[in-house]
Amino acid sequence: MDPPVKSEDDKKKTKLQIFHKIAYNTLMNENEFETRYDHIKSDSEIYKLWEDAGYFNPDICIEKGVTAPDAESFSIILPPPNVTGELHMGHAAMLAIEDVMVRYHRMRGKRTLWVPGTDHAAIATQSKVEKMIVKEEKKNRHDLGREEFLKRVNAFAQESHDTIVKQVKRLGASLDWSRETYTLDETRSFAVRTAFKKMYDMGLIYRGNRVVNWDPKGQTTISDDEIVYEERSAKLYTFRYDKSFPISISTTRPETKFGDTAVAVHPDDPRYKDFIGKEYDVLFCGAPLHIKIIADDAVEKDFGTGALGVTPAHSSIDWEMAQRHDLPLLQVIDEYARMTIAGPINGKKTTEAREWIVEELKKDNLLEREEVVTQNISTAERTGAIVEPLPKLQWFIAVNKKFKDVKSGEEKTLKELMKESVTGGEIQILPDRFEKIYFNWIDNLRDWCISRQIWFGHQIPVWYKKSNPEEFFVGVEAPEGDNWIQDADTLDTWFSSGLWPFSVFNWPKETDDFKTYFPNSVLETGYDILFFWVARMILMTTCLTGEVPFRKVYLHGLVRDIKGQKMSKSKGNGIDPLEMANKYGADATRLSLIIGAAPGNDIKISEDRIRGYRNFSTKIWNIARFIRMNYAEGMEKTAINEKYKEYIDELEALKSETTKHIDDFEFHLAAEKIYHYVWHTLADKIIETEKEKMKDGADIEKAETYVLLEHLLLESMKLLHPFMPFVTEAVYQKFHPEKILMVEQW
RNA sequence: GGGCGUUUAGCUCAGUGGUAGAGCGUUCCGUUCACAUCGGAGAGGUCGCAGGUUCGAUCCCUGCAACGCCCACCA
């Protein structure tokens, strides 16, 4: 007889099993079933087991035969944590949910990739380091100089990065670390410069003198989305510029009126109809102004006097109006929020100027009314400073300009492209109520100012001719010769993170990864960065690749403390996920963030919850230990007896329910059902019913029961693995040291 | 001004067109038993309010209220 022929596959498998066995035996003694699950020790050993096996990397999964080479791919990019410090509970929730998806799809045999990375987070990181330096050395960034300052920021970023990576691993995230990237590394920087150049050539990036949001404290522009509105009470003054002027106007900022070039009224307002088109020379608090009366629909008839002093240089609404009516721009406030007009208030702060003007108006009997109103004031998210709208020469992305769409070849605007990606169903946003919010944002979107006057970030790839700064060069690399000087500004951090879905695959190179894993299957993140990030990725990706960045967007809620407040260090109400992982295990921490968290709803977390799930992992351990203790050497492993059909059916039902829930992004339901099954069905009912037989039954009964219980246990460990990877893997190892649960078939 | 979410046990939250669920807490009983990080038993809820649809509503519809969030920005 011929010896049995081993197929290549079998050989591979045997080799694999030996490898696993050796790897595992070096970690723990398989013959002992410890009385307690020691998560601190075991969690790290198991993560190492996974890392050494290499299965986080889909290429190795294929190489080792656990994934078919032609398997469908499943890819997620990790929303890159900012290198500003440490992970918080929100990150932990994100990691837990994404790891559930990734582990599930990997176990289903998909070619599964989860790409790790970190975000340089430009302004956030820079201001953090700046604050540290001010505090510790009483110096600001200008004292250090650009080069030295950047050195400091990079060192801080590196340190944060290392901490973050350690923390991400501690939580069990099955990320492919061999593909790790950073938004500011060389490959990503190349992608950023390429994107800038391409969009410039497409006519979508332009340099323009427009009214921007200026942060006088941070000394930089910020985008509309970086503004936080704060409700404050303010005084609304009603007055005339001077006695000769026929119309009264109302404003909360009289100091800006030195920049007025028009007064706008509603075209249908009978009170002012006769004035439209007339022009006046007035003397406002000693300053000569030339005011034209214009009619514009944007004016609210019922507010104030129904007439609006138009200040094109210091209000974006007024600036737009000025564009429509071809009004001149008159800047009277500088970058430090100080007055630039000649006279007694030159160089004074806007608030001081305001008081002075009011006094002048009173003196001249021009002030008609003074009332207290509540208004929403724009403040800069990062510094808290009141935003000063100023005209500045900056770089913008045009969202309303037609260009030739890469995919359809049709003339479209970025806004249209962003909208179509979702209305056309190419991208699905879950929960779907966020689609409406997304559309609403697009409708209000204005040209995106992308240049920032900060140092940390991607320097704008534009070079100006030293001899003639009007002449500039836009390119991926610097132009030849030393007659050029690069734009000192850097790009908004969301410009580079907008490229993330494909820059992680080394775009613009057409890499295999790009072909295999792009578009990403799912983008999972908190709903708070829908506009900042998700929308920007859709914008950049559809524009540059002609493809959508991902098929589905799954938005999770925010993690809050027990009082419902956002967790933050300054409030001291944060629960540190790492502390929880060390206290109760990563599994318990993860489960507490999944169960009870409906998609898109905020979750309030407390230590008690986490402790409850730690008890669950102890329970699992004991169930496994009990079953294993009833295994006798030489026990005959029969097939499962027909009489246990009910148990098997129950398990099968659980399997299909769980599968459906995960496919439907209902992770909380899936986890809860498995939880309930393991504790209250398997342990409380089935084991309690069958344990007598294990003790006192005949050998055949003992064996039958054992086989049944082992089957139920190990199958439920598979179902639970994506949610609680550590304890389930540890249990599985006790039964199958030659295998790794992480890559078992779902 | 526009939009969205939430309202269910003492607390934090899931869930469902047909006698209501989890964690924690609480009451009683039980430790030579895999597990006291446990087991068993229990208390505790007119599922925010008012209408409507339905044989039947906590769930669907309408209105209202309270709380929270997002967007716009009336200058």
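Structure: see above.
Residues numbered from 1 in each chain as written. Chains lettered and ligands numbered in written order. Predicted model: local features only at pLDDT ≥ 70, side-chain atom pairs only at ≥ 80, totals over all residues. Heavy atoms only, no water.

Engineer: Before we move on, can you summarise the overall build of chain A with the specific residues and values?
Structural biologist: Regarding its fold elements, chain A presents 23 helices and 27 strands. With the principal axes as the frame, chain A shows a C-alpha extent of 110 × 60 × 55 Å. Considering only contacts in chain A between residues 6 or more positions apart, those separated by 24 or more positions represent 75%. Accessible area for chain A stands at about 32,800 Å²; split by element, carbon and sulfur atoms hold 49% of it. The positive charge centre, built from 102 side chains, and the negative charge centre, built from 122, are 2 Å apart in chain A. (Helix = DSSP H or I, 4+ residues; strand = E, 2+ residues; numbered from the N terminus. Contact = heavy atoms within 4.5 Å. Areas by Shrake-Rupley, 256 points an atom, 1.4 Å probe, with all protein chains shown as cover. Lys, Arg positive; Asp, Glu negative; His and termini not counted. Charge placed at Lys NZ, Arg CZ, Asp CG, Glu CD.)

Engineer: Break down the protein's contact with RNA strand B for me, citing the residues and quoting the values.
Structural biologist: Around RNA strand B, the structure places 44 residues, and the nearest of them are F303, N376, K604, T618 and W679. Considering RNA strand B, the proportion of its atoms within 4 Å of the protein that are sugar or phosphate atoms stands at 64%. One of the side-chain N or O atoms of T618 is found 2.4 Å from a base oxygen in RNA strand B. One nitrogen or oxygen atom from the side chain of E688 is found 2.9 Å from a base nitrogen belonging to RNA strand B. Where the surface near RNA strand B is concerned, the elements lending two or more residues are β8 (249-251), β13 (367-380), α12 (433-444), α19 (607-629) and α21 (667-696). The greatest single-element share of the surface near RNA strand B, amounting to 12 residues, is contributed by α19. (Near = heavy atom within 4 Å. Polar contact = N/O pair within 3.5 Å; in protein donor to acceptor, adjacent residues only side chain to side chain.)

Engineer: How would you sum up the sheet that holds strand β20 (residues 462-465)? Please name residues and give values.
Structural biologist: Backbone hydrogen bonds hold the strands of a sheet together, and the pairing may be parallel or antiparallel. Pairing in this open sheet of three strands is antiparallel, and the strands run β21-β20-β22 from one edge to the other. Of all strands in the sheet, those bounded by a partner on one side alone are β21 (472-474) and β22 (484-486). This sheet shows a mean twist of 30 degrees between the axes of neighbouring strands, independent of strand direction. Sheet analysis places β20 next to β22, joined by three bridges and oriented antiparallel. Residue pairing across strands places K465 opposite W484, the latter belonging to β22. (Pairing = 2+ DSSP bridges. Axes fitted to C-alpha atoms, helices over the stretch in contact; angles between N-to-C directions.)

Engineer: Break down the nonpolar core for me, with residues and values.
Structural biologist: Core analysis: the biggest nonpolar cluster contains 103 residues, and F667 and F723 have the highest contact counts within it. In terms of residue count, α21 provides more of this core than any other element does, 13 residues in total. Discounting chain neighbours no more than four positions away, the residues touching F667 are I97, V100, M101, Y554, I594, H661, I662 and F723. One finds V192, F196, W395 and I460 within the second-largest nonpolar core, a separate group that totals 60 residues. (Core = buried A, V, L, I, M, F, W, Y, C linked by side-chain atoms within 4.5 Å. Buried < 20%, exposed > 50% of the residue type's maximum accessible area, 1.4 Å probe, protein only.)

Engineer: Explain the side chain of T112 residue by residue, including any values.
Structural biologist: When you line up the elements, T112 lands in strand β2 (residues 111-115). Residue T112 is classed as buried on the basis of its relative accessible area of 3%. A polar side-chain atom of T112 sits 3.3 Å from the main-chain amide nitrogen of R106. At 2.9 Å, the side chain of T112 forms a polar contact with the backbone oxygen of K110.

Engineer: Quick rundown of unusual backbone geometry? Include the residues and the values.
Structural biologist: Here the amide bond leading from W507 into P508 is cis, since omega sits at 15 degrees, within 30 degrees of zero. Inspection of the secondary structure assignment puts P508 in the loop between α14 (500-503) and α15 (512-517). That bond from F518 to P519 is cis: its omega, -5 degrees, falls within 30 degrees of zero. When you line up the elements, P519 lands in the loop between α15 and β24 (520-526). At A121, a residue that is not glycine, the phi angle is positive and equals roughly 55 degrees. Note that A121 resides in the loop between β3 (117-118) and α5 (122-137). We classify A121 as buried; its relative accessible area is 4%.

Engineer: Can you break down the packing of α5 against helix α7 (residues 146-170) residue by residue, with the values?
Structural biologist: Axis separation between α5 and α7 bottoms out at 10 Å; the angle between their running directions is 110 degrees. Considering their axes alone, α5 and α7 lie roughly perpendicular with respect to each other. Listed contacts from α7 to T125, Q126, K128, V129, E130, M132, I133 and E137 of α5 are F149, R152, V153 and F156. For the contact of α5 with α7, the class distribution of residues is six nonpolar, two polar and four charged. (Parallel < 35°, antiparallel > 145°, perpendicular 65-115°, else oblique. Nonpolar A, V, L, I, M, F, W, Y, C, P; charged D, E, K, R; others polar.)

Engineer: Describe the packing of helix α17 (residues 577-584) against helix α18 (residues 586-594), naming the residues involved and giving the relevant values.
Structural biologist: Two elements in contact, α17 and α18, have axes separated by 6 Å at closest approach and are oriented at 125 degrees. It follows that α17 is oblique to α18 by the angle criterion. Along the contact surface, α17 presents P577, M580, A581 and Y584, while α18 presents A586, A588 and T589. Its residues assigned to classes, the contact of α17 with α18 comprises six nonpolar, one polar and no charged.

Engineer: Give me the pattern of salt bridges: which residues, what numbers.
Structural biologist: If you walk through the whole model with that rule in mind, you get 59 salt bridges. Note that D99 is salt-bridged to R103, the shortest N-O span being 2.7 Å. Taken together, the positions of D99 and R103, both in helix α4 (residues 89-107) and four residues apart, correspond to about one turn of that helix. Note on D99: relative accessible area 0%, which makes it buried. A residue is classified by how much of its surface remains accessible, and R103, at 0% relative accessible area, is buried. In this structure, R193 engages E186 in a salt bridge whose closest nitrogen and oxygen atoms are separated by 3.5 Å. When salt bridges that share partners are traced, they join D59, D176, R179 and D513 into one network. (Salt bridge = Lys/Arg side-chain N within 4 Å of Asp/Glu carboxyl O.)

Just distances and angles here, no functional claims.
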